[in-house]
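Reading the structure
Spelled out, the chains give:
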Amino acid sequence: MKDRKNSALIIGASRGIGFELARQYREDKWDVIGTARDEAGLARLAAIGAKTIKLDVTTADAPALLQAGIAGARLDLAIYCAGIVGPRTQKLEAPTEAEFEAVMRINVLATMTLAPLAAPALARSAGKLAVISSRMGSIGVRSATTSWLYRTSKAALNSALKDMSLVLGPQGVTCVTLHPGWVRTDMGGAGADIDVATSVRGIRAALAALTPDRNGSFLNYDGSEIPW
Ligand SMILES: NC(=O)c1ccc[n+]([C@@H]2O[C@H](COP(=O)([O-])OP(=O)(O)OC[C@H]3O[C@@H](n4cnc5c(N)ncnc54)[C@H](OP(=O)(O)O)[C@@H]3O)[C@@H](O)[C@H]2O)c1
């Protein structure tokens, strides 16, 4: 048996799926470090007993703030959850440069910058690194074109996660990209399929069952595999 509590880092934990991840892991007595970019998000995390790091994933100081916040830690799990949907287009409406910049920066560039920084803390305890992607990023199951910039960003995120798995897997860090379901959050909207507690229970079970031989997988919140 381990002589210490399990510990998780959740990047983008102010609300929605990220906050519910923090809440459920705290309820399960894990040590949780959650990031948020405003005081309201930080206060919500502090109220459930999480440690907090104040950072906006897009700013130049984010890597240093994250590294300082997890210095010397042992992590069993790190989850990159921050994301935006961008323009809710139907067909092939071109994104503006500003829309492209914002979506790709938060969903892709910030993940590529920040997620690998958790690797040393994860490697100390054969931990797991997850990014919250979307089935909308799958090319293999693609049959609709709504929000194509968001789809593009999640396909790119999946590619980045695969590369992380190739580098970090041999260091003992099991990497996975996860679809949380269509979830009733600010992003998913009131008409989505499942509530956030159901999504996060599924994600937690899928992560608990994740073994190193599945390093580099793209998984649904029910643990089943999604085609790339
Ligand atoms: N909901 C769904 O149906 C669904 C489906 C598939 C995938 N996903 C993915 O799941 C993840 C979480 O989505 P959600 O539904 O929980 O969305 P949400 O309720 O809109 O929450 C988005 C989260 O991302 C954070 N964030 C956005 N920009 C940020 C920035 N620049 N710096 C730091 N944090 C930032 C937000 O923080 P603030 O509070 O500071 O804005 C918030 O914590 C996203 O990656 C999303 O693409 C969601």
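Everything below is about the structure shown above.
**Remarks on the nonpolar core**
- Counting residues in each nonpolar core, the largest one holds 31 residues, and the members touching the most others are Leu9, Val57, Tyr80, Leu114, Leu129 and Met164.
- Of all the secondary-structure elements, those providing two or more residues to this core are strand 1 (7-11), helix 3 (62-70), strand 4 (77-80), helix 4 (97-114), helix 5 (119-123), strand 5 (128-132) and helix 6 (148-168).
- The greatest single-element share of this core, amounting to 5 residues, is contributed by helix 6.
- Leave out the neighbours within four places in its chain, and Tyr80 touches Ile11, Val57, Ile106, Ala110, Thr111, Leu114, Ala130, Val131 and Ile132.
- Among the nonpolar cores identified, the runner-up in size contains 28 residues, and Val32, Leu45, Ile79 and Leu219 belong to it.

**Notes on the packing of aromatic side chains**
- Evaluation of the coordinates by the stated rule reveals 2 aromatic pairs.
- Seen from their ring centres, Tyr25 and Trp30 are 4.4 Å apart, and the 50° between their planes marks the pair as tilted.
- The lysine or arginine in question, Arg204, covers the ring of Tyr25, its NZ or CZ lying 5.0 Å from the ring centre.

**Examining the site of the ligand**
- Close contacts around the ligand come from 28 residues, with Ser14, Arg15, Arg37, Tyr150 and Thr185 the closest.
- Val57 has a polar backbone atom sitting 3.0 Å from a nitrogen atom of the ligand.
- Taking Cys81, its main chain carries an N or O atom lying 3.0 Å from an oxygen atom of the ligand.
- Protein contact buries 94% of the 890 Å² of open area that the ligand shows by itself.

**Digging into the side chain of Asn158**
- Relative to the helices and strands, Asn158 is located in helix 6.
- Residue class for Asn158 comes out buried when judged on its relative accessible area of 2%.
- Each residue touching Asn158, except ones within four places of it in the same chain, is listed here: Ser133, Gly137, Thr177, Phe218 and Trp228.

**Here we look at the side chain of Thr89**
- Mapped onto the elements of the fold, Thr89 is located in the loop between strand 4 and helix 4.
- For Thr89, a relative accessible area of 12% puts it in the buried group.
- Apart from the residues lying within four places of it in its own chain, the contact partners of Thr89 are Thr146, Ser147 and Trp148.

Cut-offs used in this document
- Along each chain, the written sequence defines residue order, and numbers are assigned to residues from 1.
- For a predicted model such as this one, the threshold for reporting local features is a pLDDT of at least 70, and the threshold for listing and counting side-chain atom pairs is 80 or more; totals across whole chains, interfaces and linings nevertheless cover every residue.
- Hydrogens and water molecules were not included; the side-chain quantities draw on all heavy atoms of the structure.
- Think of a nonpolar core as a cluster: buried Ala, Val, Leu, Ile, Met, Phe, Trp, Tyr and Cys residues, connected wherever their side-chain atoms sit within 4.5 Å.
- Burial classification: accessible surface area is computed with a 1.4 Å probe over protein chains only, and a residue below 20% of its type maximum counts as buried, one above 50% as exposed, and the rest as partly exposed.
- Here a strand is any run of E in DSSP of at least two residues, a helix any run of H or I of at least four, and the numbering for each starts at the N terminus.
- Note on definitions: a residue-residue contact is assigned when non-hydrogen atoms from the two residues lie within 4.5 Å.
- Pairing of aromatic side chains requires ring centres within 6.5 Å, counting the rings of Phe and Tyr and the six-membered ring of Trp. Pairs whose planes differ by under 30 degrees are stacked, by over 60 edge-to-face, and all others tilted.
- Working rule: Lys NZ or Arg CZ, within 6 Å of ring centre, within 35 degrees of ring normal, means a charge sits over the ring.
- One heavy atom within 4 Å of a molecule or strand makes the whole residue count as near it.
- Residues adjacent in sequence count toward polar contacts only when both atoms are side-chain atoms; beyond that, a polar contact is any pair of N or O atoms within 3.5 Å, and within protein one must be able to donate a hydrogen and the other to accept it.
- Here the Shrake-Rupley method, with its probe set to 1.4 Å, supplies the accessible areas, and only the displayed protein chains count as covering residues.

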